[in-house]
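Inside the fold
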Amino acid sequence: MQPAQQRRAYVPGAARTAAVLTALLAAIGLSGCTSTASNAGLDDGKSGDSGAPVAAAPGKYRTLPEACGSVDSKTLRTLLPGADEDAEVYDGQATVTYDTDRRVGCRWKLETGSGTRYLTIDFERVVSYDPTVSDDDQAKDRYEKKAAAVHLPGASASPGTPSGSGSGSGSPSKSASKESSSASSGTSGTSATSGISGNDVPRNGGSKDDDSSTEEPKSGTSGTDTSGTGASGDADGEETTAPRRLDDLGDDAFLDDQLITTDSGIHRDVTVVFRSSNVIATIEYDQWSTDKTHIPSSEELQVNAEDLAQELTGRLNE
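The notes below deal with the structure included here. On a predicted model such as this, the values are computed, not experimentally measured, just so you know.

The subject of this paragraph is the nonpolar core. Leu119, Ile121 and Phe123 are the most contacted members of the largest nonpolar core, which has 34 residues in total. Ranked by the residues each element gives to this core, the list is headed by helix H5 (residues 298-316), at six residues. Core analysis: the next-biggest nonpolar cluster, separate from the first, contains ten residues, Ala139, Val150, Leu152 and Val273 among them.

Now the structure itself:
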């Protein structure tokens, strides 16, 4: 009698269950890898996007020209006629500033028998400390405030400078405009120059120098603003001397013309301000006369100042 063969236990459903489980685990693992890879791809696509604001672009200009050397000698002789060609008066006097990469200036003075002429130029490189405000926008805001200060048609000072922005000035500056203190007859002729720093001195009705020997009127003298009067002494129209915008000069530009009469003389002050990117340039060109019958020519001073402004825009781009 043959011994009984040992029978193996067999459960038909067990093999099928194991196979299903294996397939399910493999599918879950594959899905997890795919999801991880997909999410990684999405994260890579958003790399660098942390929600922080994008910094505004810096201004075009990083330095400024040397002020006293920025005016051609021939131009100086045109603006300040009457001196010898090699006279020291054409060397100019540099404005004292704290940082010549942020602000520079120069001043010339020529005295003749018929009066005195002054020329002052000022370059200010504006820098914004607010990362959301570009240097150009900050400069434009400051330019508009200067334009509004002289009551330029269409100009309006912005609500305020962004809190994170700096003054951009390398030297102390004055906020008062020339006409703010000489707009009406009978008021003090002294005014402050807008945007000029360092060697600033009273403008209208006061001496432009600390030298008391000059013939210009002393501070405190009553002055009359006759800005509507032309070279002939007659009213020559608001469009001639009233503040106006200048085309084809930098990004923005305006001209202001003031004729001031004082007890001891008369003087015409022509100011041109222009902005090129993040640099604001100011030109002040004045002619003083102790003879009240000799009224400085508005046309001559304006043309000379505008020609100089065109020359200075080229100096910025050199």
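This part is about the pattern of salt bridges. The tally for this structure, following the rule as stated, stands at ten salt bridges. Among the ionic pairs, Arg315 bridges to Glu311, the shortest N-O distance being 3.8 Å. Here Glu311 and Arg315 lie together in helix H5, a separation of four residues that amounts to about one turn.

Moving on, we come to helix H3 (residues 135-149). A rise of 1.5 Å per residue sets the reference length of H3, with its 15 residues, at 21 Å; its end C-alpha atoms lie 21 Å apart and thus fit the reference within 8%. Along H3, the positions that sit buried rather than exposed are Asp135, Gln138, Ala139, Asp141, Arg142, Tyr143, Glu144, Lys146 and Ala147. Contacts from the buried residues of H3 go to strand S3 (115-125), strand S6 (244-245), strand S7 (252-262), strand S8 (265-276) and strand S9 (279-289). Following H3 by one or two positions, His151 has its phi on the positive side, about 60 degrees.

Our next topic: unusual backbone geometry. At His151, a residue that is not glycine, the phi angle is positive and equals roughly 60 degrees. Mapped onto the secondary structure, His151 falls in the loop between H3 and strand S4 (187-188). Residue His151 is classed as exposed on the basis of its relative accessible area, which comes to 63%. The backbone phi angle of Asp248 is positive, close to 55 degrees, even though this residue is not glycine. Summarising the element assignment, Asp248 is placed in the loop between S6 and S7. Exposure remark for Asp248: the relative accessible area of 72% places this residue in the exposed category.

Analysis parameters
Residues numbered from 1 in each chain as written. Predicted model: local features only at pLDDT ≥ 70, side-chain atom pairs only at ≥ 80, totals over all residues. Heavy atoms only, no water. Core = buried A, V, L, I, M, F, W, Y, C linked by side-chain atoms within 4.5 Å. Buried < 20%, exposed > 50% of the residue type's maximum accessible area, 1.4 Å probe, protein only. Helix = DSSP H or I, 4+ residues; strand = E, 2+ residues; numbered from the N terminus. Salt bridge = Lys/Arg side-chain N within 4 Å of Asp/Glu carboxyl O. Expected span 1.5 Å × (residues − 1). Contact = heavy atoms within 4.5 Å.

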